[in-house]
Amino acid sequence: MVTATEGGATRRRGRNETEEERADRMWVELLQEVRVAQMGVQILFGFLLTVVFTPKYDDLESTDQTIYIVTVVLGAAATGALIGPVSLHRLVSGRRIKPKAVEWASRFTLVGLILLLVTMAASLLLILRVATEDGYVPWLVTGVVVWYVVCWFVLPLWARRRHTE
C-alpha cells in the first residue's frame, strides 16, 4: 500500500493485499484478457485451416500459398501461446507458485498478442492480394498494423508511463 500526501491529508493508494491475494486477483484479470484474445485467434485460425481445402487454394500463386502457410503456422503459434496460461495454471495449481505463474502467463499472453498481430497482418495481406491486384495492398496492411500497434501497445504503454509512479 502506498500513501500520498495531498494538502496535508494522507490518502491511501493501491490495494492492501498480500502477495498471494494480488496474484489471485491478477490471475483472474489475466484469464479474462486471455479469453478475449483466445476467441479471436481461434476463430481466425479455424478459418485459416479451411482455406487449403477450397478449390480457390489451387489457383493461388506460389507467393500467396507461401503467405498462407506462414500465416497458418503463425496462427498455430499464437493459439499455443494464448492457451499456454490455462495449461500453466492447471499444471502448477496448488504448488504455491501463483505469483511466478502469473508472471509466466503474462509473458505467454504478450507473446501470443504479438503473434496474433503478425497472424492478422499476414491474413490481411493474403486476403487483399487475392481480392485485388492493386499496388496499395502493402500500404493498407502497413496502416492496419500501425493501428494495431498503437491500440495494443503504444497507448497502453503510454498510459502506464504517464499515469503510474
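Above this text sits the structure in question.
To keep things clear, this report deals only with the structure shown in the data block. (Residues numbered from 1 in each chain as written. Predicted model: local features only at pLDDT ≥ 70, side-chain atom pairs only at ≥ 80, totals over all residues. Heavy atoms only, no water.)

**Quick word on unusual backbone geometry**
Right, on to step 1. Residues other than glycine seldom take positive phi values, yet Arg96 does so here, at roughly 60 degrees.
Right, on to step 2. Inspection of the secondary structure puts Arg96 in the loop between helix H3 (62–92) and helix H4 (98–131).
Right, on to step 3. Residue classification places Arg96 among the exposed positions, given a relative accessible area of 82%. (Helix = DSSP H or I, 4+ residues; strand = E, 2+ residues; numbered from the N terminus. Buried < 20%, exposed > 50% of the residue type's maximum accessible area, 1.4 Å probe, protein only.)

**Section: the layout of surface pockets**
Rolled over the atoms, a probe with the dimensions of a water molecule shows which regions are left empty.
Right, on to step 1. Put simply, the largest pocket is a space of about 930 Å³.
Right, on to step 2. Leu30, Glu33, Ser106, Leu110 and Arg160 are, among the 24 residues lining the largest pocket, the residues nearest its centre.
Right, on to step 3. Contributions of two or more residues to the lining of the largest pocket are made by helix H1 (19–51), H4 and helix H5 (137–163).
Right, on to step 4. For the lining of the largest pocket, the leading source of residues is H1, giving nine residues.
Right, on to step 5. Grouping the amino acids of the lining of the largest pocket by side-chain chemistry returns 14 nonpolar, two polar and eight charged. (1 Å grid on protein atoms, 1.4 Å probe; cavity = no way out; pocket = protein on both sides within 12 Å on 5 of 7 lines; lining within 4 Å. Points joined across faces, edges and corners; volume = space filled by probe spheres on them. Nonpolar A, V, L, I, M, F, W, Y, C, P; charged D, E, K, R; others polar.)

**Some details on H3**
Right, on to step 1. The end-to-end C-alpha distance of H3, which contains 31 residues, comes to 44 Å, matching closely the 45 Å that a straight helix rising 1.5 Å per residue would cover.
Right, on to step 2. Considering bend angle alone, the principal kink of H3 is centred on Gly84 and spans about 35 degrees; proline Pro85 follows within four residues of it. (Expected span 1.5 Å × (residues − 1). Bend = angle between axes of the 7 residues up to and from the residue.)

**With respect to the environment of Thr132**
Right, on to step 1. Within the element layout of this structure, Thr132 appears in the loop between H4 and H5.
Right, on to step 2. Look at Thr132 and you get buried, because its relative accessible area is 18%.
Right, on to step 3. A distance of 3.2 Å separates the side chain of Thr132 from the side chain of Asp134, its partner in a polar contact. (Polar contact = N/O pair within 3.5 Å; in protein donor to acceptor, adjacent residues only side chain to side chain.)

**As for the packing of H3 against H4**
Right, on to step 1. Following both chains from N to C, one finds H3 and H4 inclined at 160 degrees, their axes separated by 8 Å at the closest point. The pairing of H3 with H4 is recorded here as roughly antiparallel in orientation. You can see that H3 and H4 cross each other, and the crossing is left-handed. (Axes fitted to C-alpha atoms, helices over the stretch in contact; angles between N-to-C directions. Parallel < 35°, antiparallel > 145°, perpendicular 65-115°, else oblique. Left-handed = near helix turned anticlockwise from the far one by under 90°.)

**Some points on the pattern of salt bridges**
Right, on to step 1. All chains considered together, the criterion is met by seven salt bridges.
Right, on to step 2. In this structure, the salt-bridge partner of Glu17 is Arg25, at a minimum N-O distance of 2.7 Å.
Right, on to step 3. Asp64 is paired through a salt bridge with Arg129; the nearest N and O atoms lie 2.4 Å apart. In this pair, Asp64 sits in helix H3 while Arg129 sits in helix H4, placing the two residues 65 residues apart along the sequence.
Right, on to step 4. When its relative accessible area of 5% is taken as the criterion, Asp64 is described as buried.
Right, on to step 5. A residue is classified by how much of its surface remains accessible, and Arg129, at 29% relative accessible area, is partly exposed.
Right, on to step 6. A single network of salt bridges, built from pairs that share partners, joins Glu17, Arg25 and Glu29. (Salt bridge = Lys/Arg side-chain N within 4 Å of Asp/Glu carboxyl O.)

Shape descriptors only; they carry no functional weight alone.
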